[in-house]
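One letter stands for each residue in the lines below.
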Amino acid sequence: MEKIDLDKIIPENDLEEEIISDLKSGKNKEVITRCPPEPSGYWHIAHVKAWTIDFETAKKFGGKTYLRMDDTNPLKEEGEFAESYLEDLAWLGYKPDKLIYASEAYFEDIYKIAEQMILDGKAYVCFLSAEEVSATRGTLTEPGKESPYRNTSPEENLRLFREMRDGKFEDGKATLRAKIDMAHPNMNMRDPVMYRVLRAKHYRLGNKWCIYPMYDFAHPLEDALEGVTYSLCSMEFHEHRPLYEWFIENGWKKPYPPKQREFSRLTIENVLIGKRYLKQFVNDKIVSGWDDPRFPTLVGVRRRGYTAKALKDFVKSVGWGNVLEVTVPYSALEYYVRADLNQIATRAMVVLDPLKVIITNYNGEDEEFEIQNNPNDENQGYHKSKFGKVIYIEKEDFSLNPPPKYNRLTLGGIVRLKGAYIIKCNNVLYNEDGSINHLECEYIPESKSGNDTSGIKCKGTIHFVSENNCFEITIREFKNLIKREVANPAKALSEGAKIEDILEPNSLVEIKALAENFLKKAKVEDKFQFIRKGYYCMDKDSTDDNYIFNSTISLKDSFNK
RNA sequence: AGGGGUGUCGCCAAGUGGUAAGGCACAAGAUUUUGAUUCUUGCAUUCGUAGGUUCAAAUCCUGCCACCCCUGCCA
């Protein structure tokens, strides 16, 4: 373990203060956390909070983090999901110190602990049906009734439990229950089920077992078995903590037990989260797959162009939290996406909605000039672009009836072409239907970017491409999958809204655009800023004759808003 | 016979008896060959509420009020 000077660590939440105190007092010798996904769906943005807390907390104290597949329910789990987590985690930049499949690693141990607990009189085999258990649990204000099987002798319980394991009982006919207190005010403590009979093919163990431990029983013991010292989970488990501790005390019975601590779950306005709904969107082909760029899955936002750093910075900004769930506006996430992309994205000129411009007084060959790949980072260098007789500018960068403070091109007005010259618009040529066909402009030869001797002051700078230095690309512009006004889509759906009601109609629009030739060098997942427009990244659907770019996020725009 | 948790700016969030950090959002200004970035400034006389203790209270005490979570053989 790395040497860490505890006095130099600045605790950022209650847990970290507790860790420092535990380490100093010797109550714990190291920090071991675990990242315990159940392989039952793809990870989404909100999961990043949990994994960041697990990994960063351990890292801060020179500890370790284990990736443990929490696969105790064969009905829901699939290998595909488990594999996706390995990739997602690598993308996030986290390396688990160990990879564990709880089923393979711990089912035997957990089983043995259950037997010991039976012998200790702490667990019993119960033959009440699920309905009967539910009916005898009591209510929030009334105590439950004790099971008639509660006082079976330990020896008999052990025999029965082994019969459960050996397949003597049908699914649902028998459970192993913890003997705690049917009158406990915490419902979790009313003789919870530890094992159920379940014949289903486990994605790793096949049909090896016909009984499976419940989360509440398995989780604390798995933590203890692998030496986890801090078991961090979301607030919904807070009331399971007494049970967690009960199983540690009565099942584990050894020193240095793990501690469960809880943080707020994170949700983001306007984002659909919830495995069930995500799965439905995929199955119903509302999206192209788990990695649809409009999807909040990690594979989705990654394809959209979000970076791992942005996601991690975002969840760190939200903090630990002390309520069940914290909801932040989408703009909070977007801020971090832009912030990171601004540092790393390569600048390029792309005209999304072209308007042809003929430079009447320019007659030579195309002229090269350089564009800085990233004005925020000199090390990213420059690339060549060209200016020529025929160029294209953005339609919205020319106006016949300019609104106030319009800095772009107008009839008779001037504008700077980024990296090249100042031009003046002298004439507008129309089509028969009255729309603009093209513009005739003159350029000011003395205004060349970098050594402008013209003395002309120009308020606006616009981007452009030269006809001889551009090629057509495909752009996928995205809007949120869910209508803006639906802050909590999962809740809306659970309250009966139809998917059509909350779905943004045109969340994907494909357009053609003209990009400077430099973009031919792009590779899948490369990130660009199309100057003055937004951030884009190359999509995996691209081919040699069809470059496709996903719009990650627009630039902020304080003029058009 | 209920139990657990939470109330500090529109949203997150510090604060643990000494006179309300910070971020997002928003607004205004400066710089800018991206109306971006960057920078500067503004943004809670007040901490759910009513009392009390104290020289001093978001912090301590008492009473109210509001919201969230818990009755899977899911995790």
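About the criteria used
Residues numbered from 1 in each chain as written. Chains lettered and ligands numbered in written order. Predicted model: local features only at pLDDT ≥ 70, side-chain atom pairs only at ≥ 80, totals over all residues. Heavy atoms only, no water. Near = heavy atom within 4 Å. Polar contact = N/O pair within 3.5 Å; in protein donor to acceptor, adjacent residues only side chain to side chain. Domains from an automatic or database assignment. Axes fitted to C-alpha atoms, helices over the stretch in contact; angles between N-to-C directions. Helix = DSSP H or I, 4+ residues; strand = E, 2+ residues; numbered from the N terminus. Parallel < 35°, antiparallel > 145°, perpendicular 65-115°, else oblique. Left-handed = near helix turned anticlockwise from the far one by under 90°. Contact = heavy atoms within 4.5 Å. Pairing = 2+ DSSP bridges. Expected span 1.5 Å × (residues − 1). Buried < 20%, exposed > 50% of the residue type's maximum accessible area, 1.4 Å probe, protein only. Core = buried A, V, L, I, M, F, W, Y, C linked by side-chain atoms within 4.5 Å. Salt bridge = Lys/Arg side-chain N within 4 Å of Asp/Glu carboxyl O. Lys, Arg positive; Asp, Glu negative; His and termini not counted. Phe/Tyr/Trp six-rings, centres within 6.5 Å; stacked < 30°, edge-to-face > 60°. Lys NZ or Arg CZ within 6 Å of the ring centre and 35° of its normal.

*Asks:* Could you clarify how one ought to interpret the protein's contact with RNA strand B in this entry?
*Replies:* In the vicinity of RNA strand B, 69 residues are found, and the nearest of them are Thr 141, Ala 183, Glu 239, Ser 449 and Gln 529. By atom count, sugar and phosphate contribute 59% of the portion of RNA strand B lying within 4 Å of the protein. In the model, a base nitrogen of RNA strand B is placed 2.7 Å from a nitrogen or oxygen of the Leu 128 main chain. Take Arg 196: an N or O atom from its side chain is 3.1 Å from a phosphate oxygen of RNA strand B.

*Asks:* Got a minute to help me understand the domain arrangement of chain A in this structure?
*Replies:* Much of the literature gives interface size as the accessible area that the parts lose upon coming together. Taken domain by domain, chain A holds domain 1 (1–105 + 214–263), domain 2 (106–213), domain 3 (268–346 + 473–554) and domain 4 (350–463). Taken over C-alpha atoms, the centre of domain 2 sits 76 Å from the centre of domain 4.

*Asks:* Would you explain the packing of helix α7 (residues 215–226) against helix α8 (residues 241–252) in this entry?
*Replies:* Axes are the key here: two packed helices are described by the angle between their axes and the distance separating the axes. One can describe the packing of α7 onto α8 by two numbers: an axis separation of 9 Å at closest approach and a directional angle of 60°. Here α7 lies oblique to α8, going by the angle between them. As α7 runs across α8, the sense of the crossing is right-handed. When α7 is examined against α8, the residues Asp 216, Phe 217, His 219, Pro 220, Leu 221, Asp 223, Ala 224 and Leu 225 are found in contact with a partner set consisting of Leu 243, Tyr 244, Phe 247, Ile 248, Gly 251 and Trp 252.

*Asks:* It is not clear to me how the sheet that holds strand β1 (residues 32–35) should be interpreted in this structure. Could you clarify?
*Replies:* The pairing of strands in a sheet happens through backbone hydrogen bonds and is either parallel or antiparallel. Read from one edge of the open sheet, three strands run β1-β2-β3, paired in parallel fashion. Only two strands of the sheet have a single partner each, and these edge strands are β1 and β3 (98–101). Here the strands of the sheet are splayed against their neighbours by 30° on average, with no regard to which way each runs. Along the sheet face, helix α4 (residues 102–119) touches β2 (64–69) and β3 and points at about 65° away from the line of β3. Contacts from α7 reach β1, β2 and β3 within the one sheet, and its direction differs from that of β2 by about 135°.

*Asks:* Even after reading the chapter, I still don't get α7, so can you show me in this structure?
*Replies:* For the α-helix, the turn length of 3.6 residues means that residues three or four positions removed from each other point alike. The end-to-end C-alpha separation of α7 is 16 Å, in line with the 16 Å expected for twelve residues at 1.5 Å each. Of all the positions in α7, only Asp 216, Phe 217, Ala 218, His 219, Pro 220, Leu 221, Glu 222, Asp 223, Ala 224 and Glu 226 are classed as buried. The positive-phi residue at the C-terminal boundary of α7 is Gly 227, with phi of around 85°.

*Asks:* I'm lost on the nonpolar core in this one. Help?
*Replies:* The tendency in soluble globular proteins is for nonpolar side chains to be buried as a group. Ranked by size, the top nonpolar core spans 69 residues in total, and within it Leu 92, Leu 311 and Leu 333 carry the most contacts. With 44 residues, the next largest nonpolar core counts Ala 123, Val 125, Ala 224 and Phe 247 among its residues.

*Asks:* Sorry, what's going on with the pattern of salt bridges here?
*Replies:* Two side chains bearing opposite charge may form a pair once their charged atoms approach each other closely. Enumeration over the complete set of coordinates arrives at 46 salt bridges. For Arg 34, the salt bridge identified is with Asp 54, shortest N-O distance 4.0 Å. Of this pair, Arg 34 sits in strand β1 while Asp 54 is found in helix α2 (residues 47–60), placing the two residues 20 residues apart along the sequence. For the pair formed by Arg 34 and Asp 54, the shared burial category is buried. Residue Arg 416 pairs with Asp 452 through a salt bridge whose shortest N-O separation is 2.8 Å. On the criterion of sequence distance, the pair formed by Arg 416 in strand β20 (residues 414–417) and Asp 452 in the loop between β22 (436–443) and β23 (461–462) is long-range, its members being 36 residues apart. On the basis of relative accessibility, which here comes to 14%, the residue Arg 416 falls in the buried class.

*Asks:* What exactly am I supposed to notice about the sheet that holds strand β4 (residues 123–126) here?
*Replies:* The four strands lie next to each other as β4-β5-β6-β7, forming an open sheet whose pairing is antiparallel. Sheet topology places β4 and β7 (211–213) at the edges, where each strand pairs with a single neighbour. Between one strand axis and the next, the sheet turns through 20° on average, direction left out of account. Note: β4 against strand β5 (residues 175–178), four bridges, orientation antiparallel. Each bridged residue has a counterpart across the sheet, and for Tyr 124 the counterpart in β5 is Arg 177. The strands touched by α4 are β4, β5, β6 (193–197) and β7; relative to β6, the strand with the most contacts, the crossing angle is about 115°.

*Asks:* Mind showing me how you'd approach the side chain of Ser 234 here?
*Replies:* Relative to the elements of secondary structure, Ser 234 occurs in strand β8 (residues 230–234). In this structure Ser 234 touches Glu 262, Phe 263 and Arg 265, once residues within four positions along its chain are discounted.

*Asks:* Looking at this structure, I do not really get the side chain of Glu 334. What am I missing?
*Replies:* By the element assignment, Glu 334 lies in helix α12 (residues 330–344). Buried charge Glu 334 goes without a salt bridge, the closest partner of opposite sign being Arg 484 at 4.4 Å.

*Asks:* Mind showing me how you'd approach the packing of aromatic side chains here?
*Replies:* Two measures describe an aromatic ring pair: the distance that separates the ring centres and the angle between the ring planes. A full pass over the atoms with the stated rule returns 33 aromatic pairs. Measuring from ring centre to ring centre gives 5.0 Å for Tyr 111 and Phe 161, while their planes differ by 15°; the resulting arrangement is stacked. Taken as a pair, Tyr 111 in helix α4 and Phe 161 in helix α6 (residues 154–165) lie far apart in primary sequence, 50 residues in all. The same class applies to Tyr 111 and to Phe 161, which are both buried. Taken together, Phe 107, Tyr 111, Phe 161, Tyr 195, Trp 209, Tyr 212, Phe 217, Trp 246 and Phe 247 form an aromatic cluster joined through their ring pairs. Across the ring face of Tyr 66, the terminal group of Lys 98 is positioned such that the distance to the ring centre comes to 4.5 Å. Stacked on the ring of Tyr 101, the Lys or Arg Arg 204 has its end atom at 3.4 Å from the ring centre.

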